Amino acid sequence: MNESKTPGIDGDNYWLTPEQIENYHNDGYIVLDEVITEDELAVIEPLYQEFIDGKVPDMGRDFCDMSGPYDRAFEDFQLVNAVLPRKYRTELVGNVFEKRAESIARQLIGDEIALDYDQFLAKRPNKGGAKFAWHQDLGYWPTGTPDTITTTCSLALDDADEANGCLQVVPGSHLEPELRPHRPMLSSSGDVGDREESHVLTADLTEDDDVVLLPVKRGSVSVHNEKIVHGSGGNQSDRWRRTYIIAHRSKQTVEHERSIGFTHSHNDKIQWTTHLDSLKR
Ligand SMILES: O=C(O)CCC(=O)C(=O)O
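Figured I'd write up the structure that's included with this text. (Residues numbered from 1 in each chain as written. Predicted model: local features only at pLDDT ≥ 70, side-chain atom pairs only at ≥ 80, totals over all residues. Heavy atoms only, no water.)

## Let's talk about the overall build of the protein chain
And then number 1: Scanning the protein chain from terminus to terminus reveals 6 helices and 15 strands.
And then number 2: In terms of overall dimensions, the protein chain is globule-like: its C-alpha atoms have a radius of gyration of 18 Å, near the 19 Å expected for 281 residues.
And then number 3: Expressed as a percentage of the 281 residues in the protein chain, the buried residues total 54%.
And then number 4: Once local pairs closer than 6 in sequence are excluded, the contacts in the protein chain between residues at least 24 apart make up 82%.
And then number 5: Looking at the protein chain as shown, the accessible area adds up to about 12300 Å², and 48% of this sits on carbon and sulfur atoms.
And then number 6: On the protein chain, the mean spot of the 29 positive side-chain charges and the mean spot of the 50 negative ones are 4 Å from each other. (Helix = DSSP H or I, 4+ residues; strand = E, 2+ residues; numbered from the N terminus. Rg over C-alpha atoms; globule rule 2.2 N^0.38 Å. Buried < 20%, exposed > 50% of the residue type's maximum accessible area, 1.4 Å probe, protein only. Contact = heavy atoms within 4.5 Å. Areas by Shrake-Rupley, 256 points an atom, 1.4 Å probe, with all protein chains shown as cover. Lys, Arg positive; Asp, Glu negative; His and termini not counted. Charge placed at Lys NZ, Arg CZ, Asp CG, Glu CD.)

In structure tokens, the structure reads:
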């Protein structure tokens, strides 16, 4: 696959090497350099910043702190989270990252795919609590979909490393036969399944897990599988860590999700069975 293509940017495409494709399937992730250029970032960034500065109204729970409770005041946010930004600012639809993420996803999981959701995540400087708890993405999503296949592309708007809380993964964990148990990170009642206080779920690492940090440069993209165990640490630096996430799933799975009312919005009224429920039994 792709033997005839020069790896890297080619218009709306970003061609992968056969090794990158193989590594993605073996390890559950890859890191791709120079996916979006400085000129292209300059177009995306002002719109991105409006969300992170809290200037986009009427988002409800789609604008929250992903490391804390829904009712945390904006000035106290540590990990600023804007879910489904393309729904709230349609100018984002069809932007160059959407196109390149689709190109990457096609090469990794096939042509019958749809953009399932997008998300902006920004760790404020010097916020040690801006952690993204360990999880597998599938743990958040409904059961009963035709398949689970997903690629999640994360575009770095800032250089990211351990100090500002870059993504961390457990390579190969996507091949485990079962999802790990997940529980709500915040729950005053202690009941599994209580998601009213915070959207966040967390899973445990095991002694055998080898955690790999994924430092990235601005304009680079990491891609991860829906079952890989991943998370990220707090921001101990005086720099931001801003990320733009786009996930593609199979067309039939996205259609199924929408048919049961699941849109990835934190404002969705949960009316489906989640992996969290199935793991509880
Ligand atoms: O980038 C991060 O810190 C975590 C993002 C994440 O968990 C995801 O995109 O699934």
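## So, the site of the ligand
And then number 1: Taken together, L121, F132, H135, D137, T152, L167, H224, H230, S232, R241 and I245 make up all the residues around the ligand.
And then number 2: One of the side-chain nitrogen or oxygen atoms of D137 is found 2.9 Å away from an oxygen atom of the ligand.
And then number 3: The contact in question runs from an oxygen atom of the ligand to an N or O atom on the side chain of H230, over 2.9 Å.
And then number 4: Bound to the protein, the ligand loses 97% of the 290 Å² it would expose on its own.
And then number 5: Going through the elements one at a time, β7 (132–135), β14 (230–232) and β15 (241–250) are the ones with two or more residues in the shell around the ligand. (Near = heavy atom within 4 Å. Polar contact = N/O pair within 3.5 Å; in protein donor to acceptor, adjacent residues only side chain to side chain.)

## Examining the environment of Y140
And then number 1: Within the secondary structure, Y140 sits in the loop between β7 and β8 (150–156).
And then number 2: The sequence separation of Y140 and R258 amounts to 118 residues, and the corresponding C-alpha distance is 15 Å.

## Focus: the sheet that holds strand β3 (residues 29–32)
And then number 1: Read across the sheet, 7 strands follow the order β3-β13-β8-β15-β6-β5-β4 without closing on themselves; strand pairing throughout is antiparallel. Edge strands, defined here as strands with exactly one partner in the open sheet, are β3 and β4 (63–65). With direction set aside, neighbouring strand axes in the sheet form an average angle of 20°.
And then number 2: Contacts between helix α4 (residues 96–109) and the sheet are confined to β3, β6 (113–123), β8, β13 (221–225) and β15, with β15 contributing the most and set at about 50° to the helix. (Pairing = 2+ DSSP bridges. Axes fitted to C-alpha atoms, helices over the stretch in contact; angles between N-to-C directions.)

## As for helix α2 (residues 38–52)
And then number 1: Helix length check: α2 (15 residues) gives 20 Å between terminal C-alpha atoms against 21 Å at 1.5 Å per residue, within 8%.
And then number 2: Of all the bends in α2, the greatest, near 35°, is centred on E45, and the proline P46 appears no more than four residues after it.
And then number 3: Looking only at α2, the buried set comprises E40, L41, I44, E45, L47, Y48, F51 and I52.
And then number 4: Looking one or two places after α2, you find G54, whose phi comes out positive at around 75°. (Expected span 1.5 Å × (residues − 1). Bend = angle between axes of the 7 residues up to and from the residue.)

## Brief notes about the pairing of β8
Along a regular strand, successive side chains alternate from one face of the sheet to the other.
And then number 1: Burial runs high along β8: 7 of the 7 residues are buried.
And then number 2: Here β8 shows two buried faces, one formed by T150, T152, S154 and A156 and the other by T151, C153 and L155.
And then number 3: Bridge count for β8 against β15 is 7 bridges, and the pairing is antiparallel. Across the sheet, T151 pairs through a bridge with H248, a residue of β15.

## Details of helix α1 (residues 18–27)
And then number 1: Among the residues of α1, those classed as buried are Q20, I21 and Y24. Relative to the axis of α1, the buried residues are bounded by an arc of 100° and lie together on one face.
And then number 2: Considering only its buried residues, α1 is in contact with β2 (13–15), β3, α4, β8 and β13.
And then number 3: Directly after α1, the chain includes G28, whose backbone phi takes a positive value near 90°. (Arc of directions from axis to C-beta.)

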